[in-house]
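# Summary of structural features
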Number of protein chains: 2
Amino acid sequence: MLGEPIKDRRAERHEATRAEIIDAAWAIAREVGLAAIALREVARRVGMQAPSLYSYFASKNAMYDAMFAQAWSDIRDKKPSYDSLPTDPRAAIRQVAHYFFDWAVADPARYLLTSQRTIPGFEPSPEAYQPAVDVVNETVELFAHLGIPADALDLYTALVAGLCAQQVANDPGGDRWKKQVDPAMDAFCDYVGLPASKPRRTSSRGKR
Amino acid sequence: MLGEPIKDRRAERHEATRAEIIDAAWAIAREVGLAAIALREVARRVGMQAPSLYSYFASKNAMYDAMFAQAWSDIRDKKPSYDSLPTDPRAAIRQVAHYFFDWAVADPARYLLTSQRTIPGFEPSPEAYQPAVDVVNETVELFAHLGIPADALDLYTALVAGLCAQQVANDPGGDRWKKQVDPAMDAFCDYVGLPASKPRRTSSRGKR
DNA sequence: GTCTATACACCGATAGAC
DNA sequence: GTCTATCGGTGTATAGAC
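This section reports on the structure supplied with the text. (Residues numbered from 1 in each chain as written. Chains lettered and ligands numbered in written order. Predicted model: local features only at pLDDT ≥ 70, side-chain atom pairs only at ≥ 80, totals over all residues. Heavy atoms only, no water.)

## A word on the interface of chain B and chain A
Definition in use: Note on contacts: a residue pair qualifies if any of its non-hydrogen atoms lie within 4.5 Å across the two residues. Accessible area that two parts lose when put together, evaluated with a 1.4 Å probe and summed over both, is termed the buried area. Salt bridges are counted wherever a side-chain nitrogen of Lys or Arg sits within 4 Å of a carboxyl oxygen of Asp or Glu. Polar contact is defined as a pair of N or O atoms within 3.5 Å, subject to the rule that within protein one atom must be able to donate a hydrogen and the other to accept it, and that residues adjacent in sequence are counted only when both atoms are side-chain atoms. Strands are runs of DSSP state E lasting at least 2 residues, helices are runs of H or I lasting at least 4, and numbering of each runs from the N terminus. Residues were grouped as follows: Ala, Val, Leu, Ile, Met, Phe, Trp, Tyr, Cys and Pro as nonpolar; Asp, Glu, Lys and Arg as charged; and all remaining residues, including Gly, as polar.
Every contact between the two is made by 33 residues of chain B and, on the other side, 34 residues of chain A. Buried surface at the junction of chain B and chain A, both sides included, amounts to about 2900 Å², of which 58% is carbon and sulfur. Measuring nitrogen to oxygen at the nearest pair gives 2.8 Å for the salt bridge that ties Arg176(A) to Asp154(B). Applying the counting rule to chain B against chain A returns 14 residue pairs in polar contact (both at pLDDT 80 or more). Elements represented by at least two residues in the side of chain B that touches chain A include exactly helix 5 (108-115), helix 7 (153-170) and helix 8 (181-191) of chain B. Residue composition of the side of chain B that touches chain A, by class: 19 nonpolar, eight polar and six charged.

Here is the structure:
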């Protein structure tokens, strides 16, 4: 008996092609908009005919689903860990907020897919949604570390989401709402009762 | 000389038909999603053939443009005026925020069109954008009345936008972020230095 | 001016040959 | 797994009836 091969080369190849397709789809989304992705163009860029894509994705929405999962996995795996953050809670929350903000604003199409329900008929599957849940759960853990009440989570996500939404929609390419990230986080920290940073002149900035 | 008729019945009729078309388009958007509006279906509902719509709108995006303008005009004309608001600034800002929030959440398709850049290739024209500018300007005036610094506007809009975005995207039909409207406004008022409401126990909640 | 009829190029998706 | 052929749909242009 030979047993099963350790590596399934066929499956590996399949997965690699899926990734290649997704990359092409993202590139198109950045150029013409998330909702304007044409499967024929995706296929063309990876050297296929359009129907061949259906060997890799059951539908266009299934492709969006994979893109959704990939984007959230990306931010989950790349975002700063608690260990790498400043010890001052206010500085830490600022840094995390800036990380999310910059990530979202850097790719408006990705922001629309991950954070808005903009594609008619597309709803992320539970599996695709899991990385997003992970991100939320890890944010809850971070709050615990920083001494922020867990029930302040929804207010925090609304704050970050709103800054990103306004920047992308009303000042694309600018920094009008990026400048509001620090004030927003300061207001948030005040509200949840975080002690003020040590008065080091650089920690709390500006107003009060 | 007879002069010109006081009313141009033809133009009136034209305008009425345009409004009828827009209403049909909104109805479809609510049923199937903003980006899934099909001109043939719009035409069917108003008793036309699809190409006839081009007598009223130069393109589908021109229809979106008119819808954009109509939605912002609607909120501009319906939102509570300063005179009708509670005299307590904190209660007033809460009420205004709730008004916007409820308006946005009541119609997610409308929210997407007015507050997100979600339709590829659609950018509101300056004329269509004007009512949105009006709303912002009137909010600035309100801030002046309430004693809120004008440069807090961007933080305020981000706050409201974020609450709406999270509610629509992550808890449609629920009230998870509606419950955060009051906390968010309290945090905002604290941050901009608004004096606390009179400790009347009822002053910040209820109709003052 | 308003509308119909027709046509075109494109879309997502499917069937079936190889 | 990939192809060709094709289906019913889309936005939109245009010619012409009334």
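There's plenty left to go through after this.
## Considerations on the relation of the copies chain B and chain A
To keep things clear, this is the line we draw: In this comparison the copies share one frame, found by least squares on the C-alpha atoms of residues holding pLDDT of at least 70 in both.
Placing chain B over chain A gives an RMSD of 0.0 Å and needs a rotation angle of 180°, together with 0.0 Å of translation along the axis. Taken together, the rotation and translation describe the operation of a two-fold axis. Minimal C-alpha separation from the rotation axis in chain B is found for Gly162(B), amounting to 1.6 Å. A share of 100% of the interface residues of chain B reappears at the interface of chain A, consistent with the copies meeting face to face through the same patch.

## Quick look at the protein's contact with DNA strand C
Our working definition: Proximity is defined per residue: any heavy atom of the residue falling within 4 Å of a molecule or strand makes that residue near it.
The local shell around DNA strand C holds 16 residues, among which Arg40(A), Tyr54(A), Gln49(B), Ser52(B) and Tyr56(B) are the closest. A share of 59% of the atoms of DNA strand C within 4 Å of the protein falls on sugar and phosphate groups. Within the backbone of Leu39(A), a nitrogen or oxygen atom sits 2.8 Å from a phosphate oxygen of DNA strand C. The contact in question runs from a phosphate oxygen of DNA strand C to an N or O atom on the backbone of Lys60(A), over 2.9 Å. Here the residues of the surface near DNA strand C sort into eight nonpolar, five polar and three charged.

## Some words on the protein's contact with DNA strand D
For DNA strand D, the set of nearby residues contains 15 residues, the closest of which are Gln49(A), Ser52(A), Tyr56(A), Arg40(B) and Tyr54(B). Of what DNA strand D places within 4 Å of the protein, 56% of the atoms are sugar or phosphate. At a separation of 2.6 Å, a phosphate oxygen of DNA strand D approaches a polar side-chain atom of Ser52(A). Residue classes in the surface near DNA strand D are distributed as eight nonpolar, five polar and two charged.

Geometry only, nothing functional implied.
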